[in-house]
Amino acid sequence: MSDAAIDFLSLPEADLTDDGGRPLTARICATHDVAGAVAAAVRANWAVMPAGGLTSAIGSFDYRPDSVAGFGGVVAIRPKGALAAEVIGPAAPLDGLLSHQVSIDADRGLVSAGAGLTFAQVNAALAEHAGPTARLLIDLTSIGSAFVGGVVATGGMGPLRLRPSRSLEAVCVADGGPLRVLTGDDVALVEGMQGWTGMVAAARFRYCRVPASEFGLVLPVQGSDVDTVAGLLAYLRPWTRLDQPEAGGRIGGEGGDTVLNGIELVSRDSLEAFIRHAEEPARSKAEGLLQSCEYAGADWLACLTGWSELSIDDVLMTLLDPETETIGGVGIDFGVGFSSGAEMETFRAIREGAPDLARTRARVVQPGRLKPWSTSTDINMVLPADSSAIVAVLEAYADYRIAIKALSRELAGTVEVELSAYGHLSPAGLDPHHRVTLFAAEGAEAALAAARLAVAANKRTLIHDLLFAAQRHGLAVTGGEKGAPSLVEIARAAGGESRLSDALKTAFRRTRDAVMAAPAHFSFRAPAELRGE
Ligand SMILES: Cc1cc2nc3c(=O)[nH]c(=O)nc-3n(C[C@H](O)[C@H](O)[C@H](O)COP(=O)(O)OP(=O)(O)OC[C@H]3O[C@@H](n4cnc5c(N)ncnc54)[C@H](O)[C@@H]3O)c2cc1C
C-alpha cells in the first residue's frame, strides 16, 4: 500500500448530509488505497468519515461542529470501485486488497472483496469464476449500489434478514494504526458501527451454492391484514428456514428444492403511488397487480422471492395447501408469478418502487414548501412458530397506522402526512418499515415542528408496544438494519439502556465499549451515549 502524504486542504468539498439532512462540512478523497488514505489522514490529524455507496444518510448522529475542533478538518474517504471487479489470485492477503479487487479461493469457498465494490459485482465475479450458482447470502435491496464496506459498516440486511456477519470470515480495518484483520466475534467491533470505530478496507466472505433459478410470486392478501399475514408467515415457515451451509456448500432447508429468500410487503397505497411515477415495462405490470388487488379486495401484496430447481408452476403447487387450496390462507387466484431474468427485474422494480419513491419524496424540496421531514421504523424481530405472537407484533403496527392516519386527518390543511409501508416479513426477521413523511408550506415551521413531535411520540409508543410484545411472547428483538443507530433509537424509546432486554443490553454495552476504545478520528460523530457522555 502507498504511504504517500495527501494535501487534504486541496481536496474538493464533499456534498454530504447527516441523518437530519443537514449539510456536512468535509473534503472528499476517493481512492483505491483505503488503508493508505486513512493512514495519511490520521497522520495529518484529520477526522475520517468513511463513505460508501451513499445509499444511506451518512451516519453522523449528534454531530456537533465542536466535536472536530481539535482536528485539521474532516475528510470523507470513499473507496473507488470499477465497472467490474478486478479478479486477482486466490492467495492475495486480505490486507493487501485494493478497493476494486476480488480474490476467489474456490477450494475453500471464500471470496475476498475490496470495500468499493457492490455485492452485485462480487456475485458477478463469483458467477464467472466459481460457477453461476455461486452466491453470497447478502441480499440488500440496494445490492447494486451499496458498497461492501458500507454494508459491513451498517450491518445491513435485506429480505433474507441475515447480517453480513453470518457470511463473514474476516474484515480488514484501517484506523490509522497497523491494519487489523478481525475474525470471529471481533467482527462485531466494526459491523453496524457506521465507521465510528474505523474504516472497512476489505472483507472476506464464505459463499455458497443456491438452486438454479430464481422466482417471484405476488399474492394479494385479502381479509384482515393482521390475521391473514400472520397465518401466511406461520404457514410458510418451513420454506423460509434456511440452513446455511459450510463455505462453498449448497443451501438447503425444510422446503427441499425450494427456498424462500424473502417475503416482502407492499401496500396498495404504495403500489398506486408507484404507478403514478413508474416507467414501462414496470408500470403495466404494476397496473396488472393493482387490478389483482381490486379483484381480490386486498389492501396489501405479499411479494415472495426464492430459489428453486422447479418451474414457477411447480413451485406454486409445492407451496399450495391441498386442503384449503390456498397458500397459508391466502388465495392464489389473483397471484402473479415471475421467473425469467427480465421478469425478475420488473418484479424487483415494483417491489422496490414503493420504498424508493418514499425515500425520494422525503428528500426532495418542492417549490414554496419546507424541507420534508421523514422517519422510518426499523426494529427487527425474530418470530416463533406461534401465529398469535405474530398477530401481537402486527397489531402494534396496525395501531401505529391508525394513529398516523388520525394525525393526518387532524393536521389536514396545514401539514400533509404521508405513510408508506413496505418491508420484511420473514420469520427470520419481521421488520415492516413504516415511513412517515411530513410536508408543509413555507411559513408553517411551527406546525411542522409540532407534527414531528407527534409522529415521534407515536413511533416511541410503537417501539414500546413491540418490546412489550417481545417480552410477553418470548420473541427476540435483534436491533434494526442500521446497526448501532437502530440500537440507540430503541434504547431511547425504551427510556434508556437499562430498560432493554438482556441481549440488547449486552449489544449496547459492547457497542459503547468499541466506540469508546476507537480513535477520536473516527468516533467523533457517534451518538453521545456511545461516547460515554
Ligand atoms: C433503494 C435502497 C434500498 C435499500 N435497501 C436496504 C435493505 O434492504 N436493507 C438495508 O439494511 N438497507 C437498505 N438500504 C439502506 C442502505 O443501502 C444500507 O444501509 C447500506 O448498507 C449502505 O451502504 P453504502 O455503501 O451506501 O453506505 P453509505 O450510505 O455510504 O454509508 C453508510 C454508513 O456506513 C459508513 N461507511 C460507509 N463505508 C464505510 C467503510 N468502508 N468503512 C466504515 N464505515 C463505512 C458511513 O460513514 C455511514 O455511516 C437501502 C437503500 C436504498 C437507497
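The model shown is predicted, which means the values in this text are computed figures rather than measured ones.

Criteria and cut-off values
Residues numbered from 1 in each chain as written. Predicted model: local features only at pLDDT ≥ 70, side-chain atom pairs only at ≥ 80, totals over all residues. Heavy atoms only, no water. Helix = DSSP H or I, 4+ residues; strand = E, 2+ residues; numbered from the N terminus. Rg over C-alpha atoms; globule rule 2.2 N^0.38 Å. Buried < 20%, exposed > 50% of the residue type's maximum accessible area, 1.4 Å probe, protein only. Contact = heavy atoms within 4.5 Å. Areas by Shrake-Rupley, 256 points an atom, 1.4 Å probe, with all protein chains shown as cover. Lys, Arg positive; Asp, Glu negative; His and termini not counted. Charge placed at Lys NZ, Arg CZ, Asp CG, Glu CD. 1 Å grid on protein atoms, 1.4 Å probe; cavity = no way out; pocket = protein on both sides within 12 Å on 5 of 7 lines; lining within 4 Å. Points joined across faces, edges and corners; volume = space filled by probe spheres on them. Nonpolar A, V, L, I, M, F, W, Y, C, P; charged D, E, K, R; others polar. Domains from an automatic or database assignment. Near = heavy atom within 4 Å. Polar contact = N/O pair within 3.5 Å; in protein donor to acceptor, adjacent residues only side chain to side chain. Expected span 1.5 Å × (residues − 1). Pairing = 2+ DSSP bridges. Axes fitted to C-alpha atoms, helices over the stretch in contact; angles between N-to-C directions. Left-handed = near helix turned anticlockwise from the far one by under 90°. Patch = residues over 30% accessible without salt bridge, like charges linked within 9 Å, V, L, I, M, F, W, Y side chains within 5 Å. Salt bridge = Lys/Arg side-chain N within 4 Å of Asp/Glu carboxyl O.

This brings us to the overall build of the protein chain. Per the secondary structure count, the protein chain includes 13 helices and 26 strands. Expected size for 533 residues packed as a compact globule is a radius of gyration near 24 Å; at 23 Å, the protein chain falls within 12% of this value. Considering only C-alpha atoms, the protein chain reaches an extent of 70 × 60 × 45 Å along its principal axes. Relative to its full complement of 533 residues, the protein chain shows a buried share of 55%. A sequence separation of at least 24 residues applies to 73% of the contacts in the protein chain between residues at least 6 apart. Accessible area for the protein chain stands at about 21,600 Å²; split by element, carbon and sulfur atoms hold 51% of it. Side chains of the protein chain give 46 positive and 64 negative charges; the mean places of these two sets differ by 6 Å.

Now for empty space enclosed by the protein. Counted under the stated rule, the structure contains six cavities of 30 Å³ or more. Put simply, the largest cavity is a space of about 80 Å³. Around the largest cavity, the lining residues are D225, V226, V229, L265, W300, L394, Y397, R401, L425 and P432. Put simply, the parts of the chain that give the lining of the largest cavity at least two residues each are α4 (225-240) and α9 (387-411). Split by residue class, the lining of the largest cavity holds eight nonpolar, no polar and two charged. Structurally, the lining of the largest cavity is a two-domain feature, drawing no fewer than three residues from each of domain 3 (213-362) and domain 4 (364-494).

Okay, the site of the ligand next. Lining the immediate environment of the ligand, one finds 32 residues, of which P50, T55, T141, S142 and T154 sit closest. Within the side chain of R525, an N or O atom sits 2.8 Å from an oxygen atom of the ligand. Protein contact buries 95% of the 970 Å² of open area that the ligand shows by itself. Of all the secondary-structure elements, those providing two or more residues to the shell around the ligand are α3 (148-154), β12 (199-206) and α8 (341-363).

This brings us to the domain arrangement of the protein chain. Domain boundaries assigned for the protein chain yield domain 1 (3-80), domain 2 (86-209), domain 3 (213-362) and domain 4 (364-494). For domain 1 versus domain 3, the separation of C-alpha centres amounts to 40 Å.

Further remarks concern helix α2 (residues 119-130). End to end, α2 covers 15 Å across 12 residues, agreeing with the expected 16 Å (1.5 Å per residue, within 8%). For α2, the set of buried residues is F119, Q121, V122, N123, A125, L126 and A130. Following α2 by one or two positions, G131 has its phi on the positive side, about 105°.

Strand order across the open sheet formed by three strands is β3-β5-β4, with parallel pairing between neighbours. With one partner strand each, in any of the chains shown, β3 (27-31) and β4 (47-50) form the two edges of the open sheet. If you compare each strand with its neighbour and ignore which way they point, the axes differ by 30° on average. Of the pairings in the sheet, the one linking β3 to strand β5 (residues 74-79) comprises five bridges and is parallel in character. Each residue of the ladder has a partner; that of A30, found in β5, is R78.

Below, the discussion takes up the packing of α4 against α9. Look at α4 against α9: their axes get within 9 Å of each other, and the N-to-C directions meet at 145°. Classified by chirality, the crossing of α9 by α4 is right-handed. Contacts from D225, V226, D227, V229, A230, L233 and A234 in α4 reach S387, I390, V391, L394, E395, A398 and R401 in α9. The residue inventory of the contact of α4 with α9, partitioned by class, reads nine nonpolar, one polar and four charged.

Let's shift gears to a negative patch on the surface. Residues D227, E395, D399 and D465 make up a contiguous surface patch of negative charge. By the secondary structure assignment, E395 is in helix α9. Under the relative-accessibility criterion, E395 is labelled partly exposed at 43%.

The next subject is the environment of R27. With respect to the helices, strands and loops of the structure, R27 is situated in strand β3. Between the alpha carbons of R27 and S387 there is a distance of 51 Å; along the sequence they are 360 residues apart. Setting aside residues no more than four positions away along its own chain, R27 makes contact with F8, L9, L11, P12, E13, A14, W46, V74, V75 and A76.

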